[in-house]
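Coordinate analysis (summary)
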Amino acid sequence: MYSKVMSGIPLGIEGMLISVESDTSNGLPGFDLVGYLAASVREARDRVRSALKNTGFIIPAKKITVNLSPADIRKDGTGFDLAIAIAVLMSLELIPYNETFEKTLFLGELGLDGTILPVPGVLPIVHHALGQEIRRIYVPWENAAEASFIKGIEIIGVKSLSEMIGWIETGEVGNVFKKEDTDPGEKREKMPVDDYVDFRDIRGQESAKRGLVIAAAGFHNVLMTGEAGAGKSMMAKALPGILPEMTYDEKLEMTKIYSVAGLLNRTGRLMEKRPYRAPHYSITENALIGGGGSPKPGEISLASGGVLFMDEFPHFRRSVIEMLRQPLEDKRVTVSRLKASYTFPAKFMLVAARNNCPCGFYPDRKKCRCTWHEVVSYQNRISHPIMDRIDIRMEIKHLSFEEMFSEAAGTSTDEMRELVSIAQERQASRYRYEDWNFNSELGQKSIGRYIRFNESCQTLLREFYDTTGISARGYFKILRLIRTIADIDDRDDIREEDIREALFYRNESKEDFV
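Residues numbered from 1 in each chain as written. Predicted model: local features only at pLDDT ≥ 70, side-chain atom pairs only at ≥ 80, totals over all residues. Heavy atoms only, no water.

At a minimum axis distance of 9 Å, the contact between helix α7 (residues 206-218) and helix α20 (residues 472-488) shows a crossing angle of 100°. Relative to α20, the element α7 is oriented roughly perpendicular. Two secondary-structure elements touch here, α7 through Arg210, Val213, Ile214, Ala217 and Gly218 and α20 through Leu481, Thr484, Ile485 and Ile488. For the contact of α7 with α20, the per-class residue count stands at six nonpolar, two polar and one charged. (Axes fitted to C-alpha atoms, helices over the stretch in contact; angles between N-to-C directions. Helix = DSSP H or I, 4+ residues; strand = E, 2+ residues; numbered from the N terminus. Parallel < 35°, antiparallel > 145°, perpendicular 65-115°, else oblique. Contact = heavy atoms within 4.5 Å. Nonpolar A, V, L, I, M, F, W, Y, C, P; charged D, E, K, R; others polar.)

Time to look at the packing of aromatic side chains. Summed over all chains, the structure comprises 14 aromatic pairs. Between Phe219 and Phe438 the ring centres are 4.7 Å apart and the planes differ by 20°, which places this aromatic pair in the stacked class. Pair noted here: Phe219 is in the loop between α7 and β10 (222-226) and Phe438 is in the loop between α17 (413-430) and α18 (447-450), with a separation of 219 residues, a long-range link. Here Phe219 matches Phe438 in class, with each residue buried. Their ring planes at 25° and their centres at 6.4 Å tell us that Tyr276 and Phe309 sit as a pair that is stacked. Placement of Tyr276 in strand β11 (residues 276-277) and of Phe309 in strand β14 (residues 307-310) is noted, with a sequence separation of 33 residues between them. Stacked on the ring of Trp141, the Lys or Arg Lys159 has its end atom at 4.9 Å from the ring centre. The ring of Tyr431 has Arg430 sitting right over it, with the charged end atom 5.4 Å from the ring centre. (Phe/Tyr/Trp six-rings, centres within 6.5 Å; stacked < 30°, edge-to-face > 60°. Buried < 20%, exposed > 50% of the residue type's maximum accessible area, 1.4 Å probe, protein only. Lys NZ or Arg CZ within 6 Å of the ring centre and 35° of its normal.)

Read from one edge of the open sheet, five strands run β11-β14-β17-β10-β18, paired in parallel fashion. Every interior strand has two partners, whereas the edge strands, β11 and β18 (392-396), have only one. (Pairing = 2+ DSSP bridges.)

This next bit is on unusual backbone geometry. Ser69 connects to Pro70 through a cis peptide bond whose omega is 10°. Take Pro70: it is sitting in the loop between β4 (63-69) and α3 (81-91). Of note in this structure, Phe219 is not a glycine but carries a positive phi near 60°. Looking at Phe219, the relative accessible area reads 4%, which means it is buried.

Written out as structure tokens, the structure reads:
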């Protein structure tokens, strides 16, 4: 007998429906799985057989063929186990056919004793299924809270195969999952606390703090250069504390990414905080960009919507740094394999830090022992195309004794967050009909619509352009910076002081032409 049920697989952070077909005949006994399968899916044969036996079913000596289609998409993971078990039982007529299964999807890994175990990537599958006329989804109990983020579809949390079979035999649907169904006695993951460094605790560096306010308000990339121990890493750790609140779409996208990566905390809530990722400089290209046989998100995607901090930037391998070129421009990364391409978001804010020389003390020649050639070689490890993609380039100065031990209160995180909020509200209103949220994402074709200058501002920009020979990319990045600075000051008009401040933080040339 032939039977068919539906399952799904994540492709990037999107989902895809997979048909699980089972056919039984009186041929040579066997249990075959076909459909371009990875080893983890082929092993489902043994998991399903043992789970059915330990649930009380005796598999007759028949030829069983299970096909997962479409056959040109490689299937990986253990999430098909439950669908395979249900399809096999129906084709063997051990459980009755249920016509509602045509609009039902099954996800879950089977333990050998019939328990249903959680799987990664449930959220994007459920989100995709909603638009494919799927009305009910059976998922592992541990994944039910995650799946319930998507409204308009019934989520049934299942703990064991025997529980699932019992519902089918009695004609019951099962209990639609609601977040209040979670056992109050269970240990729940606590929401992360505000454990960011407060900018108030960072002595001096008021100019750098201002630069980070601009960066956070417009989601601009930043490079901090300065002597070792000047506070670059500490400021980077404090930066997430001033980032604006995420929109619902941003929360959903970030939760999808962490679901696919298998890093989602099962709290029953969408992820609320913008991520902060700080990979070591020994990271590989695949770990940064994403990859693998069935590609998973890399660090740049895990940082999407938040901060990717790359400390000791020149110490990263040149190939790793150069792989940032396309994601910094396109805000996404595509990983191609033989039969499919996987696209992951990469809307991260790059925050990089470096010293002036290998020993970290240049230009203090009393401490620095690097030769001039070593200093130049060290700074040139970052190519011009990468530098051109960094909006703000700040020099972090060594603190004087008076600055270090001053009793004067510095700018606090709360004060900086307030400025960021002002700018973000203006951007949210301005771009409410657009596909982007921040000034740094402003498309080149739209710059003339949202950024206008009077004659004196145009003269100043023309002087800068002719003097420095800046690239077109760099010039348009300055225009976006100018727009953000005006937004922080809560106004639409752009003034000369906005341009001068943007040029200062862009630090395109050592010439003090302004």
